[in-house]
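The chain contents come next:
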Amino acid sequence: MTAAEEANFVLYGGPDPMELLQDESLGEMIIRDLKLRPANIGLIDPHTKKEMSYEEILEKSVNVATGLLKLGVKKSDTVAIVSENCLQYCLAMFGTIFSGATLAQFNPAYLKDELEHAINMTKPKIIFVSSDVANKVSAVNRKNQYAKQLIIFDENGIVPDRSLSFTTLISQQTVDVQNFHPEPVDKQNHVALILLSSGTTGLPKGVQLTHANIMTTIAHSKEQAKLFELPEQLVALAVTPLFHVLASVGLINMVTNNCLCVLLSKFDARLFLESIQRYKVNLMSVVPPLMVFLAKHPMVDSYDLSSLINLFCGAAPLSKEIEDQVRERLGIAFVRQGYGMTETTYVMLMQSGFENKPGCVGKIRMGQWVKVIDPDSGKILGPNQRGELCFKGSLIMKGYVGKESAIDADGWLQTGDIGYYDEDEDFFIVDRIKELIKYKGFQVAPAELEAILLDHPKVKDAAVIGVPDERVGELTTAFVVKEHDESVNEGEIVRFVAERVSPQKQLHGGVRFISQVPRTASGKILRRKLRDMVADGNRAKL
């Protein structure tokens, strides 16, 4: 195949809607949209029933920005958030973006070592925290002293020294909101968000998303909305943690597209269903375990969920059976799947229309290019040929914090995922080159857990894989070789890991004891052999 013929197999989604990308920064875009409908309710906390109008969101976010600037925060600085979902989290997000600083978002369930890695990597000058994690964050920060101040969202219980309440921060500011202008930035290169995404090497990597990256996905949503007859204001329910790209970029997307966002601090089945019913929720971004809940849980039949119009499912594959069950049970017009990574600013492939092919994750989005290559030769493949998906375009991250660029000289990002497209240019994901495990939409790196297992004095060797599970995506399962037939049981190993990692990284699939870990001549673990063992139902030793 000639180079010209190969070029025919590079697919392009058409140009970005440039007329929607004239703002000079993400902050300017958010402020403009908040000012359009000041009286509209923008955020609701269903736990407390607290509501915030767009006008109040703008005012308090501007006060956050002003407060940060007075604390000495500059455009070159990073501000972090470690918290469960709450209204203050949203204001801190917007305020940090308005200040021109980069916002890093961390999982509040991180244990000490994970949190220390995240802080050392991003070096935040200020950290917003909930009171639940304030002492944990303060203890880690005392060790490296990057952050000069912690700002506490709520004031329940004892808070650490060198902290400031969020209420005090915003109440000290007197700002003319109408004449406030966000700090100017180079939108193509300035990093707006750092979101942590696990790498195959183990510890999380900091994905840098620019102002332009996020502005582009907002513009895509505005363009897509033109195709449908929608209510004057859509109501969205946010249940995914805000440190996850699906929720973080999704929240910004909703606020700038005139959505009322109902924000759950965490998933609670009853409150989740009550919120859909009470607030007449129209759309949600969900992960497959939540789709399984909607398809199968008996509690669902006790609530009126007829307001739901659109469910977007991402973060992990969704079976056609579960999708059909949800459609039939709830009578939803649109159940859409998509494919993306933190590195691609939300979604790179997306379904459209009422009916979609089983297993399809959609077509390439506007302004983006995609090609499928042979993983070994790099040759560009044509329709119905399986290979590694590669993307480039306006949604591709700037790079990883402190790492060599993951993007090649021509702008291509290799995903590590195996897929193909058909004659209609619809894409299908079939496998992963990367060894990441997907548990409830979270990425779990086997290498990190294997390193922990090898620290156990009774473990000689170990390997970790994900075992498919309809409820959660994949169950993290360890294969362990005992040290000289030492006496150690499954429970001891599971507890050993649980004490060292956050809940989503634990060994939910249990432990299997084997005589040796299958490896290549160069020492690479042959995970396929382990998966074959599970598929065969064989718990015997290798």
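If you're wondering where the values come from, they're calculated on a predicted model, not measured in any experiment. (Residues numbered from 1 in each chain as written. Predicted model: local features only at pLDDT ≥ 70, side-chain atom pairs only at ≥ 80, totals over all residues. Heavy atoms only, no water.)

Explain the pattern of salt bridges to me, using residue names and the numbers behind them.
For the structure on display, the rule yields 17 salt bridges. Of the charged contacts, one joins Lys296 and Glu470 as a salt bridge, the two residues approaching to 2.3 Å between their closest N and O atoms. Here Lys296, found in helix α11 (residues 288–296), pairs with Glu470, found in the loop between β25 (459–469) and β26 (473–482); they are 174 residues apart in sequence, far enough to count as distant. The salt bridge partner of Lys505 is Glu448, with a shortest N-O separation of 3.1 Å. One end of the pair, Lys505, is in the loop between α14 (490–498) and β27 (511–513); the other, Glu448, is in helix α13 (residues 446–453), with 57 residues separating them in the sequence. (Salt bridge = Lys/Arg side-chain N within 4 Å of Asp/Glu carboxyl O. Helix = DSSP H or I, 4+ residues; strand = E, 2+ residues; numbered from the N terminus.)

Got a sec to walk through the confidence of the model for the chain? Specific residues and values, please.
Taken as a whole, the chain shows an average pLDDT of 88; of its residues, 93% reach a score of 70 or greater. Element-level mean pLDDT values for the chain span from 63 in helix α1 (residues 3–7) up to 98 in strand β4 (residues 78–82). A low-confidence stretch, residues 538–542 stays under pLDDT 50, and its non-local contacts, those more than four residues away or across chains, total 14 contacts. (pLDDT = per-residue confidence, 0-100. Contact = heavy atoms within 4.5 Å.)

Mind laying out the packing of helix α8 (residues 211–225) against helix α9 (residues 245–255), listing which residues take part and the relevant values?
Orientation of α8 relative to α9, taken along the N-to-C sense of each, is 55°, at an axis distance of 10 Å. Judged by the inter-axis angle, α8 sits oblique to α9. At the point where α8 passes α9, the crossing takes the right-handed sense. Here Ile214, Thr217, Ile218 and Ser221 of α8 lie close against α9, whose contacting residues are Val249, Ile252 and Asn253. The residue inventory of the contact of α8 with α9, partitioned by class, reads 4 nonpolar, 3 polar and no charged. (Axes fitted to C-alpha atoms, helices over the stretch in contact; angles between N-to-C directions. Parallel < 35°, antiparallel > 145°, perpendicular 65-115°, else oblique. Left-handed = near helix turned anticlockwise from the far one by under 90°. Nonpolar A, V, L, I, M, F, W, Y, C, P; charged D, E, K, R; others polar.)

Give me the lowdown on α11, citing residues and values where you can.
Here α11 lies mainly inside the structure; 8 of its 9 residues are buried. Regarding α11, the residues found buried are Pro288, Pro289, Leu290, Met291, Val292, Phe293, Leu294 and Ala295. At its buried positions, α11 is contacted by α10 (269–279), β13 (283–286), β14 (310–313), α12 (320–330) and β15 (334–339). (Buried < 20%, exposed > 50% of the residue type's maximum accessible area, 1.4 Å probe, protein only.)

Give me the lowdown on the nonpolar core, citing residues and values where you can.
Grouped together as the largest cluster of nonpolar side chains are 93 residues, with contacts concentrated most on Phe94, Phe128 and Ile252. Per-element accounting of this core gives the leading share, 9 residues, to helix α4 (residues 87–99). What Phe128 contacts, discounting residues up to four positions off in sequence, is Val64, Leu68, Val79, Ala80, Ile81, Val82, Ala92, Thr96, Ile151, Phe153, Phe166 and Leu169. Counting 35 residues, the second-largest nonpolar core is a separate cluster that includes Ile44, Leu237, Leu294 and Leu318. (Core = buried A, V, L, I, M, F, W, Y, C linked by side-chain atoms within 4.5 Å.)

I'd like a rundown of the pairing of strand β17 (residues 360–364), residues and numbers included.
When you tally the buried positions in β17, you get 4 out of 5 residues, the bulk of the element. Inspection of the sheet shows strand β16 (residues 349–350) paired to β17 by 2 bridges, in the antiparallel sense. Each residue of the ladder has a partner; that of Leu349, found in β17, is Ile364. (Pairing = 2+ DSSP bridges.)

Now, about the environment of Lys524: what can you tell me, with residues and values included?
Mapped onto the secondary structure, Lys524 falls in the loop between β27 and α15 (527–535). Judged by its relative accessible area of 56%, Lys524 falls in the exposed class. Each C-alpha atom, one on Lys524 and one on Val459, is 18 Å from the other, the two residues being 65 residues apart in sequence.

Mind laying out the pairing of strand β6 (residues 126–129), listing which residues take part and the relevant values?
The alternating pattern of β6 places Ile126 and Phe128 on one face and Ile127 and Val129 on the opposite face, and all of these are buried. Sheet topology places β4 next to β6; 4 bridges connect them, and they run parallel. Counted as the bridge partner of Val79 is Ile126 from β6. Here 4 bridges tie β6 to strand β7 (residues 149–152), and the two strands are oriented parallel to one another. Bridge assignment links Val129 to a residue of β7, and that residue is Ile152. The parallel pair β6 and β7 is bridged by helix α6 (residues 131–144), and the resulting crossover is right-handed. (Right-handed = clockwise from strand over helix to strand, strands pointing away.)

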